[in-house]
Amino acid sequence: MHARPSWWWLLCTLFAPLVLAAPPAKPQGLDGYVYRVMDDWHVPGLAIAIVKDGKVVLARGYGVRQLGKPGKVDPDTLFDIGSNTKAFTAAALGTLVSAGKLKWNTPVVDVLKDFRLQSPYVTQDVTLRDLLTHRTGYCDPGAAWYTSDANDIVHRMRYQKPSYSFRTTFCYNNVQYLAASRFIPAITGESWNDYVTAQLFRPLGMDRTVNSEAALEAATDVATPHGIQDDKPAAIHDYWSHNMDVFAAVGGIWSSANDMSHWLQMLLADGKYNGRTVVDSAVLREMETPQMLIQPRELGEIRAWMPGAHFYTYGLGLFVQDDHGHIVVWHAGDIDGMASGLALVPDAQLGVVVLSNMDHADARFAIIARVLQTMLGLPRHDLEPALLARAHKQQADSEVTIAKLAATRVANAKPPLPLADYAGTYADPLDGTAHVALEREHLVLRLENPDFTGDLTPWHGNTFHVSWRYRFYGDGYATFDVDALGKPARLTFADMPLHFERSQSGHSSRKSK
């Protein structure tokens, strides 16, 4: 194990547990628990890897790769690990730091010459470390990158308003990680995809792990993403491949339980795998050292996933907290139809990863909690009831909001303007472009992500119900604000923080056939 900084041992001393029962070599009764929580969360397939004292004590698959099909999940089945990709990006950047080609505190503008944020001061002072620790003051733009073409999303960040002062508050931001990943091609001339493959996947023997849409299409034994669609579990398609390739460094690695066990072994072994140093120990210390305190108002979901800590912090691509006298390093991963969780307990040489193919299914953290409690000899407390209750409350709250919006419908509503008047192009420098067209006597809305193509039905006044054709995204409500002349001038959404202004040059009332 690599040498820990002084704060590490101080925290372990402060929160040292009472004498506890010796942990078992392997978790007992895990299979039955896994199947139960999979059923509760409608998870078709799941894979687990557990590493203890340098050895893989469990790598196992459960369930099926796709609902209604016989293919079983096994330890080699590929799942999208979502934001657990971020630690790979931090480690890859760390290889450049250890090679003397980069510093964690390098100003971003020294490497990314065109990088700009709305604040000139933050633009000049923000460093790579700031990007990796979510402390720039700019929160994730969410719908902006999700619904638009991600090619220029880093450029468009200059139009985003900050939510907090610089370096004062943790606020998760995927796009800042995308910017950080661009240090790699800027310094090496290699794509992030190729560099991570060469520097991490190959030395770790992660031979099945892929990070591009083309490689995924060529792979076999791949889990299909699933979500709740029209109120029932269903297979959905992968997140828009174009955007996923652009965002690969943020959440686009597909890996398996077997391959991820190698990643866990390296993280727990001072950066070594099979006797070879893959990541310098100093890099791992930076990744696992608290860099940014997470304030209570930002905890929410984080505390639900990993409860009971006295402190919650973020390192580089990893959360860091305490738990019954241990330091726990962990992360969650979510992308359409997939949910993963990873946790490390370095002082116990214990690591676990859970991969699943159901959207936002927190079966992963119930399982992680069970493994940690069992293998560390901690008091047994089933986390799943609290996670389920939270999910059910969120669903109930959502249904109340949906019902309120649905109740605003005016029977046989007719918009105050001819449908052709709403047609045209609406744009925003941050949020991208929305196109509204009159097709076969009804309006069709298209955002830049083709999955966000929706049919508009008059609801009341200038508000329309949006039925997204990709049913996984459900329904929404779009409102056209009119100007002083009574013409549509702006387009907003009830359920997404997107705002578009009418482009004068983009007005069109042409009918499509």
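Residues numbered from 1 in each chain as written. Predicted model: local features only at pLDDT ≥ 70, side-chain atom pairs only at ≥ 80, totals over all residues. Heavy atoms only, no water.

1. A look at the overall build of the protein chain
Under the convention used in this document: Secondary structure follows DSSP: runs of H or I at least 4 residues long count as helices, runs of E at least 2 residues long count as strands, and numbering of each begins at the N terminus. With the radius of gyration taken over C-alpha atoms, the globule rule is written as 2.2 Å times the number of residues to the power 0.38. The criterion used for residue contact is that any of the two residues' heavy atoms lie within 4.5 Å. The accessible surface values rely on the Shrake-Rupley method and a 1.4 Å probe; as for residues, cover is taken only from the protein chains in view.
The number of helices and strands found in the protein chain is 20 helices and 23 strands. Taken over the C-alpha trace, the protein chain has a radius of gyration of 24 Å; the compact-globule value for 513 residues is 24 Å, and the two agree within 12%. Across its three principal axes, the protein chain shows a C-alpha extent of roughly 75 × 50 × 45 Å. In the protein chain, 64% of the contacts between residues at least 6 apart in sequence involve partners at least 24 apart. Entry remark: accessible area of the protein chain is about 20900 Å², with carbon and sulfur atoms responsible for 53%.

2. Structural notes on the packing of helix 2 (residues 30–40) against helix 18 (residues 363–376)
This is how the line gets drawn: In this analysis, axes come from line fits to C-alpha atoms, helices being fitted only over the stretch in contact, and the angle between any two N-to-C directions falls in the range 0 to 180 degrees. Every angle not falling under 35 degrees, over 145, or within 65 to 115 is termed oblique; those three ranges are roughly parallel, roughly antiparallel and roughly perpendicular. Take the far helix as your reference; a near helix turned counterclockwise from it by less than a right angle gives a left-handed crossing, and one turned clockwise gives a right-handed crossing. Following the grouping adopted for this structure description, the nonpolar residues are Ala, Val, Leu, Ile, Met, Phe, Trp, Tyr, Cys and Pro, the charged ones are Asp, Glu, Lys and Arg, and the polar ones are all others, Gly among them.
Contact pair helix 2 / helix 18: the axes reach a minimum separation of 10 Å and the direction vectors enclose 160°. Here helix 18 runs roughly antiparallel to helix 2, going by the angle between their axes. The handedness of the crossing between helix 2 and helix 18 comes out as right-handed. Residues Leu30, Tyr33, Val34 and Val37 of helix 2 form the contact with helix 18, whose own contacting residues are Ala363, Ala366, Ile367, Arg370 and Val371. Here the residues of the contact of helix 2 with helix 18 sort into 8 nonpolar, no polar and 1 charged.

3. Remarks on the nonpolar core
Test applied: Side-chain atoms within 4.5 Å are what join buried Ala, Val, Leu, Ile, Met, Phe, Trp, Tyr and Cys residues into a set we call a nonpolar core. When a residue's accessible area, from a 1.4 Å probe over protein chains only, is under 20% of the maximum for its type it is buried; when over 50% it is exposed; and in between it is partly exposed.
Judged by nonpolar contacts, the single largest core of 162 residues is most densely connected at Ile48 and Trp263. Looking at which element gives the most residues to this core, the answer is helix 18, with 10 residues. Setting aside chain neighbours within four positions, we find Trp263 in contact with Ala87, Phe88, Ala91, Leu204, Met206 and Leu342.

4. Overview of helix 19 (residues 384–406)
The line we're drawing: Working rule for helices: expected span equals 1.5 Å times residues minus one.
Given a rise of 1.5 Å per residue, 23 residues ought to cover 33 Å, and the 32 Å separating the end C-alpha atoms of helix 19 matches this to within 8%. Every buried residue belonging to helix 19 is among Glu384, Leu387 and Leu388, and all of these are buried. As for helix 19, its buried residues are in contact with helix 2, helix 17 (301–305) and helix 18.

5. A look at the sheet that holds strand 13 (residues 338–345)
To be explicit about the condition: Between any two strands, at least two bridges found by DSSP are needed for them to pair.
Pairing is antiparallel across the open sheet formed by 8 strands, whose spatial order is 2-1-14-13-12-11-10-9. With one partner strand each, in any of the chains shown, strand 2 (55–63) and strand 9 (292–293) form the two edges of the open sheet. Contacts between helix 2 and the sheet are confined to strand 1 (45–52) and strand 2, with strand 2 contributing the most and set at about 40° to the helix.

6. Brief notes about the pattern of salt bridges
This is how it is decided: By salt bridge we mean one thing: a side-chain nitrogen of Lys or Arg within 4 Å of a carboxyl oxygen of Asp or Glu.
This structure, assessed with the given rule, holds 21 salt bridges. For Glu286, the salt bridge goes to Arg129, with nearest N and O atoms at 2.8 Å. Placement of Glu286 in helix 16 (residues 281–288) and of Arg129 in helix 6 (residues 128–132) is noted, with a sequence separation of 157 residues between them. For Glu286, a relative accessible area of 24% puts it in the partly exposed group. Residue Lys487 is joined to Asp421 by a salt bridge in which the shortest nitrogen-to-oxygen separation is 3.6 Å. Taken together, the residues Lys487 in the loop between strand 20 (475–482) and strand 21 (488–493) and Asp421 in helix 20 (residues 419–422) connect sequence positions 66 residues apart. Through salt bridges with shared partners, a single ionic network connects Arg36, Asp382 and Glu384.

7. Let's talk about the confidence of the model for the protein chain
Under the convention used in this document: In predicted models, pLDDT denotes the confidence assigned by the predictor to each residue on a 0 to 100 scale.
Confidence in the prediction of the protein chain, expressed as mean pLDDT, is 93, and 93% of residues score 70 or more. This stretch, residues 1–24, has a pLDDT under 50; its non-local contacts, to residues over four places away or in other chains, come to 44 contacts.

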